[in-house]
Structures are given as structure tokens and as C-alpha cells.
Amino acid sequence: MIAANHSRSSGKGAPFSNIEFLYSLRPASMKLGLENITAVLDHFGNPQEKFPALLVAGTNGKGSVSAFISSILRTAGLKTGTFFSPHLFRINERVQIDGREIASQVLDNYLGELRKIHADYPFTFFEGITAAAVRYFLDNKVDIAIFEVGLGGRLDATRLVNSVLSVITGISIDHTRHLGDTREKILAEKLGVVREGVPVVVNLQCSRLSAIALDHCRSTGAPMINASDKVEAVLKDLAAEKMLFSLRTDSYDYGTVGSGIIGEHQLRNLSTAVKAVETLSDIFGTGYTDFIPEGIRRAFLPGRFQVLSGRPRIIMDVSHNEQSLLGAMATLRAISEPKYNIIIFGCMERKDLGAFPEKAVKNSRKVLLAPLRSSGAAGRDDLAARFGLTGEGK
């Protein structure tokens, strides 16, 4: 669910030509590798090595986990940079300090400096925005930065940051063309974020995947903490605007906590983020854990079962694979009866929707098909076949 970028021009219509240039680098097919970004960052004196960072990888929940961690650390008083991928409406969303997006003119200036070296050090769209982010964070003297991995981990541009803690949110099937067609292969790519001696927080409920991750971490001397075994988050109440849950870890009992990012599936992301902050607190010897409940309450990330204001109720969700779509559908069922639900849906052609179409039809009054205006998007006939619909909806 990627909307047109309006950061290419200012409110007065003056173009930001360097942002426009960056968009021209979006390839028809994705290219993975570290050679280009390594050369670019080396040219600028390796700014990514000069501040501590958390690296967040995984199939689902990377954005939510990054948002929760960022909010908690900001609440604790740290000047916190956050790098999100992808963005929804504006490229500026990807680069934030203390929850505020980078200004378009500032971003354009950083990209202008990068543009000057592109002929000698060619880089992709993602590499360019990553390089701009690390320079912005360094220049603004962040205390710490959270980087959401773009894809995989082993060959992702974010892998070069000075990670003091790595996080793997979980593993499910997605991006099989680039990462492999089994959970084991996908996990192997995600484990590329693991660094020698640097702690790793994972949330792996499958014993087989957990054992693979543990073997890899042991081989690199990286302590592994599985949040699945260390955190207990139990849903107590769920409404459209807020959920309440009890939260307890092997170290602390936080009592009842509230979150505006809702859904039972978010409890797993919350558990991952909480254990990551506890681990970071141990690393730095500080009391970040005191700020966990309030940080969770303040956290916000657009497009994660986001309830928009006004009537009728409109919910925006960017789930893009079977596991995340089923999680969003379960949340919808919890707050709304099927007779009230109209689902508007579009996706890329390559996405495996699994059991979602059947559940969407069963739990709604109508499904409206809305093909995306993107290369590689699933067409109306393709979507209709997947949902077993004819015409524009059921």
C-alpha cells in the first residue's frame, strides 16, 4: 500500500530534484548486495559506525517492533533516530528523529551530495535513502538509532550500521524470490544481521527454527534471547482505539499496559520490543525498563490496523502476506460483526494470500477489489479468482 510521493515538491510546487533523482533509481527488479553501499559510506567516512544502533529484521512486525522500541527510548529521554522501510505516503517517513520526519529540503540536500558521487559510486534507491539517514542521524547527534531492515538481512544495506543489539521479529513465508521458499532459508537470510559478540533478541515460537538460530548465534559468539520464552503478554480488552493486556517478563512484572497499536497479533511484537529494551538496558546499565509502559502507550505507526477518525469507521492496514493478513482479519472480527464490514483490497501479483481471501469473504458484507497502480500489481481478474468473486465485489 504505497501511495504517490508528495515530497518531490514543496507546498509551493518547487521541485526537490534530488528526491526525484532518487526515485528514478528504483529498479524494475530488486538488487541485493553490499558492495555499492559499502563504497558510498566509505566515501563519507563511514558515518554509520559512529553512533549505536539497533537492527530489526524479520518477516512480519519489523515496523511495529521498531516503533515500540523507538517510543520507549524516546520516553526514556534518548534522542532517538528511526529508519522505517517502506513508507506509505511520503519518503520522509523513512527517516525520523524523536518521531519527527526529516524535512523535505534537508533530505533533498543530503541526496544532492549523494547524487554528485553517483557516477563514481552507483547506488540504488534503498541504498541512497539509507546513506542519507545515517548521515542525518550522525549530524544531529542521536543517542541511538533503530533501523528496520529492508529485506532479508545478510545483504541489506542497513546491515552495515553499528549494531549493539540485533532483533529478529519472526519468520514466515514472503519474498520467496529473493529469500528462499522455506522458513529455514528465509531465517538464514535474516540471521545475516547477527554480529560476533552482539546480543540477539528473537521471537521464534517454532522449536526447529529456534534451534537453527541458536546454533548460528553460538557459532558467532552472539548471546541469543528468545522473547517467546521470556515474555508473557495476555490480552484483557480489545477495542477499536485501544487494547489492554497484562505484561510480564522473566525480569519484571509491568501489570496492565495499554496500546493504541491494537490486535492480538501485536502482542508478539510488543513482547519482542520489551525484551529488546530490557536487553539494551542491561547492555548500557540504565533504567530504560521504567519507561516501557508509557512508551508502549505513546507508540504509533500508520497503517497498522489504523482506525481513522470520523464515521463511518475506516480502518487502514498494510498487511501483505498470509500471516499478517490473518492477524488483521482476527482483529476486525474482534471489534466488528461481519454484517458491518466492507473490505477494499489490492496487492501485488506475487503475494501468496493463503487462507485470507476465504476468511475475508466470510467475515464481511462485501469485498471490493482495488488493483494497485503499480507495476507487478495483481489485476482485477486475478484478484476475483483468488476471492472467488465476479464483477467488482461479492
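Every value quoted in this text rests on a predicted model; they were computed, and no experiment measured them.

Rules behind the numbers
- Residues numbered from 1 in each chain as written.
- Predicted model: local features only at pLDDT ≥ 70, side-chain atom pairs only at ≥ 80, totals over all residues.
- Heavy atoms only, no water.
- Helix = DSSP H or I, 4+ residues; strand = E, 2+ residues; numbered from the N terminus.
- Rg over C-alpha atoms; globule rule 2.2 N^0.38 Å.
- Buried < 20%, exposed > 50% of the residue type's maximum accessible area, 1.4 Å probe, protein only.
- Contact = heavy atoms within 4.5 Å.
- Lys, Arg positive; Asp, Glu negative; His and termini not counted.
- Charge placed at Lys NZ, Arg CZ, Asp CG, Glu CD.
- Pairing = 2+ DSSP bridges.
- Axes fitted to C-alpha atoms, helices over the stretch in contact; angles between N-to-C directions.
- Salt bridge = Lys/Arg side-chain N within 4 Å of Asp/Glu carboxyl O.
- Core = buried A, V, L, I, M, F, W, Y, C linked by side-chain atoms within 4.5 Å.
- Phe/Tyr/Trp six-rings, centres within 6.5 Å; stacked < 30°, edge-to-face > 60°.
- Lys NZ or Arg CZ within 6 Å of the ring centre and 35° of its normal.
- pLDDT = per-residue confidence, 0-100.
- Parallel < 35°, antiparallel > 145°, perpendicular 65-115°, else oblique.
- Left-handed = near helix turned anticlockwise from the far one by under 90°.
- Disulfide = S-S within 2.5 Å.

Now for the overall build of the protein chain. When you go through the protein chain residue by residue, the secondary structure sums to 14 helices and 15 strands. Relative to its length of 394 residues, the protein chain is compact, with a C-alpha radius of gyration of 21 Å against a globular reference of 21 Å. Overall, the C-alpha framework of the protein chain stretches about 60 × 50 × 40 Å when taken along its three principal axes. Taken over 394 residues, the protein chain has a buried fraction of 53%. For the protein chain, the share of sequence-separated contacts (at least 6 apart) that also reach a separation of at least 24 residues comes to 69%. Between the centroid of the 47 positive side chains of the protein chain and the centroid of its 41 negative side chains there is a distance of 4 Å.

Strand order across the open sheet formed by 8 strands is S4-S3-S2-S5-S1-S6-S7-S8, with mixed pairing between neighbours. Of all strands in the sheet, those bounded by a partner on one side alone are strand S4 (100-101) and strand S8 (224-226). Note that strand S6 (residues 163-168) and strand S7 (residues 200-202) share 3 bridges and pair parallel. Across the sheet, the residue bridging to Ile168 is Val202, located in S7. Strand contacts of helix H8 (residues 207-219): S7 and S8, with the helix running at about 160° to S8, the strand carrying the most contacts. Here helix H10 (residues 266-284) sits on the sheet and contacts strand S1 (53-57), strand S5 (144-148), S6, S7 and S8; the angle it forms with S6, its principal contact strand, is near 160°.

Our focus in this paragraph is the pattern of salt bridges. In this structure the tally under the stated criterion is 11 salt bridges. Between Glu101 and Arg90 there is a salt bridge; the shortest N-O distance is 2.6 Å. One end of the pair, Glu101, is in strand S4; the other, Arg90, is in the loop between strand S2 (80-83) and strand S3 (95-97), and 11 residues separate them in sequence. Judged by relative accessible area, Glu101 falls into the partly exposed class, the value being 30%. For Glu232, the salt bridge is made with Arg248, and the minimal N-O distance between the two is 3.0 Å. Separated by 16 residues along the polypeptide, Glu232 in strand S9 (residues 231-238) and Arg248 in strand S10 (residues 243-249) bring together distant segments of the chain. Classification of Arg248 as partly exposed rests on a relative accessible area of 42%. Each of Arg90, Glu93 and Glu101 takes part in one network of salt bridges that share partners.

Here we come to the sheet that holds S9. Within a beta sheet, neighbouring strands are joined by backbone hydrogen bonds and run either parallel or antiparallel to one another. Taken in spatial order, the 3 strands of this open sheet run S9-S10-S11, and their pairing is antiparallel. The outermost strands of the open sheet, each flanked by one partner alone, are S9 and strand S11 (253-259). For this sheet, the mean angle separating the axes of adjacent strands, direction not counted, is 20°. Pairing of S10 with S11 involves 6 bridges; the strand directions are antiparallel. By the bridge assignment, Phe245 is partnered in S11 with Val257. Where H10 meets the sheet, it contacts S9, S10 and S11, and its direction lies at approximately 40° from that of S10.

With that out of the way, let us pick up the nonpolar core. Counting 60 residues, the largest nonpolar core has Ile69, Phe245, Leu247, Ile296, Phe345 and Phe387 as its most contacted members. For this core, the element with the highest residue contribution is H10, accounting for 7 residues. When neighbours within four sequence positions are excluded, Phe345 is seen to be in contact with Leu325, Leu353, Phe356, Leu368, Leu369, Ala370, Leu383 and Phe387. Counting residues in hydrophobic clusters, the runner-up holds 56 residues, among them Phe16, Leu114, Val142 and Ile171.

The tally for this structure, following the rule as stated, stands at 11 aromatic pairs. Centroid distance Tyr136 to Phe137: 6.2 Å. Interplanar angle 40°. Geometry classified as tilted. On the accessibility criterion, Tyr136 (12% relative accessible area) is buried. Cluster of aromatic residues (ring-pair linked, three or more members): Phe51, Phe83, Tyr110, Phe126, Tyr136, Phe137 and Phe147. For the cation-ring pair, Arg26 lies above Phe125, with the distance from its terminal atom to the ring centre recorded as 4.3 Å.

Here Ser85 and Pro86 are connected by a cis peptide whose omega angle stands at 0°. Note on placement: Pro86 falls in the loop between S2 and S3. In this structure, the amide linkage connecting Arg311 to the following residue, Pro312, adopts the cis form with an omega of 0°. Locating Pro312 in the fold gives a position in the loop between strand S12 (306-308) and strand S13 (314-316).

Let's shift gears to the confidence of the model for the protein chain. For the protein chain, the mean per-residue pLDDT works out to 90, and 91% of the residues sit at or above 70. Between residues 1-13, whose pLDDT stays under 50, and residues either more than four places distant or in other chains, the model counts 33 contacts.

Turning next to the packing of helix H2 (residues 35-43) against helix H5 (residues 125-139). Closest axis-to-axis distance for the H2/H5 pair is 10 Å, and the angle between their directions is 30°. One element, H2, and the other, H5, form an angle in the roughly parallel class. Relative to H5, H2 is oriented so that their crossing is right-handed. Facing H2, whose interface residues are Asn36, Ile37, Val40 and Leu41, H5 presents Glu127, Ala131 and Val134.

This part covers the state of the cysteines. Evaluated as defined, the whole model comprises 0 disulfides. Lacking any disulfide linkage, Cys217 is separated from the closest cysteine sulfur, that of Cys206, by 15 Å. Owing to a relative accessible area of 1%, Cys217 belongs among the buried residues under this scheme.

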